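Take a look at the letters that make up each chain.
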Amino acid sequence: MYLFVYFERKPFGYVVLSVLAMIVIIQAYKAFRYTLLAKKQELNATNISPKQTVSLFICNVYQNNTAYHKVVNTIKNYQPDIVITTESNQVWQAGLSGVEKDYPHFVAIPQDNKYGRHLYSKLPLAKTTVRILLTADIPSVKTIVQLGLGDWIHLFVVHPRPPLPGEDDNSRERDAEIIMVGREVSKETGGVMVAGDFNDVAWSATTVLFQEVNGFLDPRRGRGFFNTFHAKIPVFRWPLDHIFRAANLNW
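Quick summary incoming for the structure in this document. (Residues numbered from 1 in each chain as written. Predicted model: local features only at pLDDT ≥ 70, side-chain atom pairs only at ≥ 80, totals over all residues. Heavy atoms only, no water.)

## Description of the overall build of the protein
- Across its full length, the protein holds six helices and nine strands.
- Here the protein has a C-alpha radius of gyration of 20 Å; the compact-globule value for 251 residues is 18 Å, and the two agree.
- Per-residue burial for the protein yields a buried fraction of 43% across its 251 residues.
- Considering only contacts within the protein whose residues lie at least 6 apart along the sequence, 61% involve residues at least 24 apart.
- Within the structure as shown, the protein displays about 13,800 Å² of accessible surface, and the carbon and sulfur contribution to it stands at 59%.
- Charged side chains in the protein number 27 positive and 22 negative. The centres of these two groups are separated by 6 Å. (Helix = DSSP H or I, 4+ residues; strand = E, 2+ residues; numbered from the N terminus. Rg over C-alpha atoms; globule rule 2.2 N^0.38 Å. Buried < 20%, exposed > 50% of the residue type's maximum accessible area, 1.4 Å probe, protein only. Contact = heavy atoms within 4.5 Å. Areas by Shrake-Rupley, 256 points an atom, 1.4 Å probe, with all protein chains shown as cover. Lys, Arg positive; Asp, Glu negative; His and termini not counted. Charge placed at Lys NZ, Arg CZ, Asp CG, Glu CD.)

Written out as structure tokens, the structure reads:
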């Protein structure tokens, strides 16, 4: 845009253009890990029983959206073991009631402030807690999930506040919550998964630090961006919702 609209053939114009080009190169280098040309961080599972696996579907429904049937149809089509929705309120809970019979284990936190969430699971849950990490109206979920062969894995569900006008003037609270969870999960033993709307791209300094703190794997690396925002603008999309898992077990 700057090159075609604002650029002037003057020293200052060339300086600005050079800085913008450098920014593009740096960001492209960081994002390269999420292209099909990069090395996969999470390898495909082989010689493993389906009862040792878990499938997880996470969806930021956008609270004001009313296309409940699209989410319900997607869930019924893919039949994941676990479903997580963010920004879901009481209206969305009613809209998704059609899947409840297939998911007997249920955690409901309906809220109208765009930080509600719901967790539906076909697999047994235990020691489930709804926690407040930093902000009183933003809950997170910690639970353990029993796989088909009896093993239990930890599941953390997060949705920190984004740095947006009207939400937060800076990213400090979001970054603090991400790193707080990153440190906490690094102390867990056995299988661990962290999922949610991080409101942060996968290659940002904060999310990279999250992985460095705990060594968790990102299944998107080497497979693609799998963008989750913005649903209505095809040329304005990036991955803000993530699923990470501990690298210490073959499951």
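## So, the packing of helix H5 (residues 172-185) against helix H6 (residues 205-214)
- The geometry of H5 relative to H6 is characterised by a closest axis approach of 8 Å and an angle of 15° between their N-to-C directions. Our classification of the angle between H5 and H6 gives roughly parallel. In terms of crossing hand, the pair formed by H5 and H6 is right-handed. Contacts from Arg174, Asp175, Ile178, Ile179, Val181, Gly182, Arg183 and Val185 in H5 reach Thr206, Leu209, Phe210, Val213 and Asn214 in H6.
- Taken together, the residues of the contact of H5 with H6 break down into seven nonpolar, three polar and three charged. (Axes fitted to C-alpha atoms, helices over the stretch in contact; angles between N-to-C directions. Parallel < 35°, antiparallel > 145°, perpendicular 65-115°, else oblique. Left-handed = near helix turned anticlockwise from the far one by under 90°. Nonpolar A, V, L, I, M, F, W, Y, C, P; charged D, E, K, R; others polar.)

## Looking at H6
- For H6, every residue scored as buried is listed here: Thr206, Thr207, Val208, Phe210, Gln211 and Asn214.
- Where H6 is buried, its residues contact H5, strand E8 (191-197) and strand E9 (241-245).
- Looking at the residues trailing H6, positive phi occurs at Gly215, about 70°.

## Some points on the pairing of E9
- Of all five residues making up E9, four are buried, and the element is well covered by its neighbours.
- Taken together, the five bridges between E8 and E9 define a ladder with antiparallel strand orientation. Looking across to E9, one finds that Ala195 is bridged to Ile243. (Pairing = 2+ DSSP bridges.)

## Focus: the sheet that holds E8
- Strand order in this open sheet of five strands is E5-E6-E7-E8-E9, and the pairing throughout is mixed. Looking at the sheet topology across the chains shown, the edges are occupied by strand E5 (125-132) and E9. Neighbouring strand axes in the sheet, compared pairwise and without regard to direction, differ in orientation by 15° on average.
- Here six bridges tie E5 to strand E6 (residues 139-146), and the two strands are oriented antiparallel to one another. In the strand pairing of E6, Leu125 is matched with Val145.

## A closer look at the environment of Lys39
- By the secondary structure assignment, Lys39 is in the loop between helix H2 (11-31) and strand E1 (56-60).
- Distance from Lys39 to Arg221, taken between C-alpha atoms, is 7.1 Å for residues 182 residues apart in sequence.
- Setting aside anything within four residues of it in sequence, one finds Lys39 in contact with Arg221 and Gly222.

## Observations concerning the sheet that holds strand E2 (residues 82-86)
- Ordered by their spatial adjacency, four strands build an open sheet running E1-E2-E4-E3, and the pairing between neighbours is mixed. Lying at the two open borders of the sheet, with one neighbouring strand each, are E1 and strand E3 (105-109). Each strand of the sheet is rotated relative to its neighbour by a mean of 5°, with strand direction disregarded.
- Here E2 pairs with strand E4 (residues 117-121) via five bridges, running antiparallel. Counted as the bridge partner of Ile84 is Leu119 from E4.

## So, the packing of aromatic side chains
- One pass over the full model with this rule turns up eleven aromatic pairs.
- Ring geometry for Tyr68 against Trp92: centres 4.7 Å apart, planes inclined by 80°, an arrangement best described as edge-to-face. Residue Tyr68 is located in helix H3 (residues 68-78), and its partner Trp92 is located in helix H4 (residues 90-95); the two are separated by 24 residues in the primary sequence.
- Aromatic pair Phe106 and Tyr120: ring centres 4.7 Å apart, planes at 25°, arrangement stacked. (Phe/Tyr/Trp six-rings, centres within 6.5 Å; stacked < 30°, edge-to-face > 60°.)

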